[in-house]
Protein chains: 2
Amino acid sequence: MELAQEVGARLRGLRRHRGLSLSELARRSGVGKGTLSELETGRRNPTLETLYALTTALGAPLSTVVGPAPVQGAAVHAVLTDRVQDAAAVSEVYRVRIQSGAVQRSAAHAAGTTEHLLVFSGTARVGPACAPLKVGPGGHARWAADVPHLYEAVGGDVEGVLVVRYPVA
Amino acid sequence: MELAQEVGARLRGLRRHRGLSLSELARRSGVGKGTLSELETGRRNPTLETLYALTTALGAPLSTVVGPAPVQGAAVHAVLTDRVQDAAAVSEVYRVRIQSGAVQRSAAHAAGTTEHLLVFSGTARVGPACAPLKVGPGGHARWAADVPHLYEAVGGDVEGVLVVRYPVA
DNA sequence: CACCGTCGTTCTGTTTACAGAACGTTCTGC
DNA sequence: GCAGAACGTTCTGTAAACAGAACGACGGTG
């Protein structure tokens, strides 16, 4: 099953990233070593309890393994954390990291689309390609995204939240 | 087990909210009716596959049932969707709904704490108790949260995203 | 009142996720 | 080279999650 493989791969990624062996994680989480092996290779369909035990032992929220997959562009790495629909618009909330050393350009979105960026760290140059805005830590930018726009980190990488708000079709 | 009960209650809430009967959801999701009954009462520890089938049939993301629990105040209903820590600060991202007809007051947070509100729908009156700001749909407000502050919906309810950013201790 | 549909729960047999053991492999150090 | 340890995979028996059937409890209709 496809979902199990996706989740398994993420679990393996998390474990490796922490430098834990399979046996060590099994010991810490109380999940059997064999179980863990088959989970990571996507050959099992894990139980909620098992997933919870593993993510807790890994110090990660459950959403890390069951949440949406990150999208990676030229410079922007984004994870959809929320999506809200009201009468007028659909709003998507992304956790973003803009990597320095590259500029990511985006084509115009549907008419009426706006974007917001809240910057946590670093300084970003974002917005309409013709008139980008500069935003530092703790800052906020808002621009119309129905024209070509760009994302760029000035100096070091940028961490923040991007909200894309587009009218309902 | 506690987690299973929590998830079960959320599933039942989602189903009821959509006006679906247990049998109907079972039919649409392909999950057995008995299975569903025991899941909702927290007597079973669901499989990832089962949870996915159910949330898909309910038209909700998986995170709705496994994500963090919402916090409810006098007027503000908030769900923590993300939490980011960098060298300077911790940033928490909340999906919020401010209900009209009440004012929620918050005491001063740690020095240097700032808050941002992005409004999706409705009009909000938020910020320092001494000088609140008015924000409409698509708008943004930012204020220092190290003084007493408030949240209020003007007219109808407000939907949006709240970001709380406080310095690392 | 009896009939029938729908509701949610409980029962029944099958499938499978689980813990732990056994296994082959790859590094160490003596 | 051969112990010993650690790694990840595969095997084995048990517990439990699953689909579907059977069940009792309501609520409407003739």
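The shown structure was predicted, so the numbers you read here are calculated from the model rather than taken from an experiment. (Residues numbered from 1 in each chain as written. Chains lettered and ligands numbered in written order. Predicted model: local features only at pLDDT ≥ 70, side-chain atom pairs only at ≥ 80, totals over all residues. Heavy atoms only, no water.)

Caption draft 1: Structural detail: the side chain of histidine 149 of chain B. Residue and element names in this part refer to chain B. With respect to the element layout, histidine 149 can be found in strand S8 (residues 149-167). The exposure class of histidine 149 is buried, given its relative accessible area of 1%. Within the local environment of histidine 149, its side chain forms a polar contact with the side chain of glutamate 115, the two groups lying 3.2 Å apart. Not counting chain neighbours up to four residues away, the residues in contact with histidine 149 comprise Gln104, Arg105, Ser106, Ala107, His109, Glu115, Gly127, Pro128, Ala129 and Trp143. (Helix = DSSP H or I, 4+ residues; strand = E, 2+ residues; numbered from the N terminus. Buried < 20%, exposed > 50% of the residue type's maximum accessible area, 1.4 Å probe, protein only. Polar contact = N/O pair within 3.5 Å; in protein donor to acceptor, adjacent residues only side chain to side chain. Contact = heavy atoms within 4.5 Å.)

Caption draft 2: Layout of the relation of the copies chain A and chain B. When chain A is fitted onto chain B, the two copies agree to an RMSD of 0.6 Å after a turn of 180 degrees and an axial shift of 0.3 Å. Expressed as an axis order, the relation between the two copies is that of a two-fold axis. Among all C-alpha atoms of chain A, that of threonine 47 of chain A lies closest to the rotation axis, at 1.9 Å. When the interface residues of chain A are mapped onto chain B, 97% of them again lie at the interface, so the same face is used by both copies. (Least-squares fit on C-alpha atoms with pLDDT ≥ 70 in both.)

Caption draft 3: Summary view of the protein's contact with DNA strand C. Lining the immediate environment of DNA strand C, one finds 19 residues, of which Gly32 and Thr50 of chain A together with Leu22, Ser37 and Arg43 of chain B sit closest. Sugar and phosphate atoms constitute 72% of the interface atoms of DNA strand C, taking the interface as everything within 4 Å of the protein. Within the side chain of threonine 50 of chain A, an N or O atom sits 2.3 Å from a phosphate oxygen of DNA strand C. Taken together, the elements giving at least two residues each to the surface near DNA strand C come down to helix H3 (33-40) of chain A together with helix H1 (2-17), helix H2 (22-29) and helix H3 (33-40) of chain B. In terms of residue count, the dominant contributor to the surface near DNA strand C is H3 of chain B (three residues). Here the surface near DNA strand C is composed, by residue class, of two nonpolar, 12 polar and five charged. (Near = heavy atom within 4 Å. Nonpolar A, V, L, I, M, F, W, Y, C, P; charged D, E, K, R; others polar.)

Caption draft 4: Quick peek at the interface of chain A and chain B. Across the boundary between the two partners, chain A contributes 33 residues, which contact 32 residues of chain B. Surface buried jointly by chain A and chain B totals about 2,900 Å² across both partners, of which 69% is contributed by carbon and sulfur atoms. Across the chain A-chain B interface, the total number found is zero salt bridges. Linking chain A to chain B there are 11 residue pairs in polar contact (both at pLDDT 80 or more). Those elements giving two or more residues to the side of chain A that touches chain B turn out to be helix H1 (2-17), helix H4 (48-58), strand S2 (76-85), strand S3 (89-98), strand S5 (114-128), strand S7 (140-144) and strand S8 (149-167) of chain A. Among the elements that take part in the side of chain A that touches chain B, S5 of chain A stands out by supplying five residues, more than any other. When grouped by side-chain class, the residues that make up the side of chain A that touches chain B number 17 nonpolar, nine polar and seven charged. (Buried area = accessible area lost by both parts, 1.4 Å probe. Salt bridge = Lys/Arg side-chain N within 4 Å of Asp/Glu carboxyl O.)

Caption draft 5: Layout of the packing of aromatic side chains. All names here are of chain A. Overall, the coordinates contain two aromatic pairs over all chains when judged by the stated rule. With a centroid separation of 6.2 Å and 70 degrees between ring planes, the pair formed by tryptophan 143 and tyrosine 151 is classed as edge-to-face. Considered together, tryptophan 143 and tyrosine 151 belong to a single accessibility category, that of buried residues. (Phe/Tyr/Trp six-rings, centres within 6.5 Å; stacked < 30°, edge-to-face > 60°.)

Caption draft 6: Up close: the protein's contact with DNA strand D. For DNA strand D, the set of nearby residues contains 19 residues, the closest of which are Leu22, Ser37 and Arg43 of chain A together with Gly32 and Thr50 of chain B. Across the atoms of DNA strand D situated within 4 Å of the protein, the share located in sugar and phosphate is 72%. Separating a phosphate oxygen of DNA strand D from a side-chain N or O atom of serine 37 of chain A is a distance of 2.6 Å. In this structure, a phosphate oxygen belonging to DNA strand D sits 3.1 Å away from a side-chain N or O atom of threonine 35 of chain B. Elements supplying a minimum of two residues to the surface near DNA strand D: H1, helix H2 (22-29) and H3 of chain A together with H3 of chain B. Per-element tally for the surface near DNA strand D: the top contributor is H3 of chain A, with three residues. Among the residues making up the surface near DNA strand D, the classes are represented as two nonpolar, 12 polar and five charged.

Caption draft 7: Structural view of the environment of aspartate 146 of chain B. Residue and element names in this part refer to chain B. For aspartate 146, the location among the structural elements is in the loop between strand S7 (140-144) and S8. When residues no more than four places from it in sequence are discounted, the contact partners of aspartate 146 are Ala108, His109, Ala110, Ala111, Gly112 and Thr113. Polar contacts involving the side chain of aspartate 146 include one to the main-chain amide nitrogen of glycine 112, which spans 3.0 Å.

Caption draft 8: The arrangement of the environment of tyrosine 52 of chain B in detail. Assignment of secondary structure puts tyrosine 52 of chain B in helix H4 (residues 48-58). Residue tyrosine 52 of chain B is classed as partly exposed on the basis of its relative accessible area, which comes to 40%. The spacing of tyrosine 52 of chain B and valine 65 of chain B is 13 residues in sequence and 10.0 Å in space, taken between C-alpha atoms. Not counting chain neighbours up to four residues away, the residues in contact with tyrosine 52 of chain B comprise Leu3 of chain A together with Leu62 of chain B.

Caption draft 9: Structural detail: the pairing of strand S3 (residues 89-98) of chain B. Residue and element names in this part refer to chain B. With nine of 10 residues buried, S3 is to be regarded as a mostly interior element. Strand direction decides the pairing type here: S3 and S8, joined by 10 bridges, are antiparallel. For valine 90, the partnering residue across the bridge sits in S8 and is tyrosine 166. (Pairing = 2+ DSSP bridges.)

Caption draft 10: Local environment of the nonpolar core. One finds Leu51 and Val65 of chain A together with Leu51 and Val65 of chain B to be the most contacted residues of the largest nonpolar core, which totals 38 residues. With near-sequence residues (within four places) excluded, leucine 51 of chain B lies in contact with Leu48 of chain A together with Val7, Leu11, Pro46, Leu62, Val65 and Val66 of chain B. (Core = buried A, V, L, I, M, F, W, Y, C linked by side-chain atoms within 4.5 Å.)

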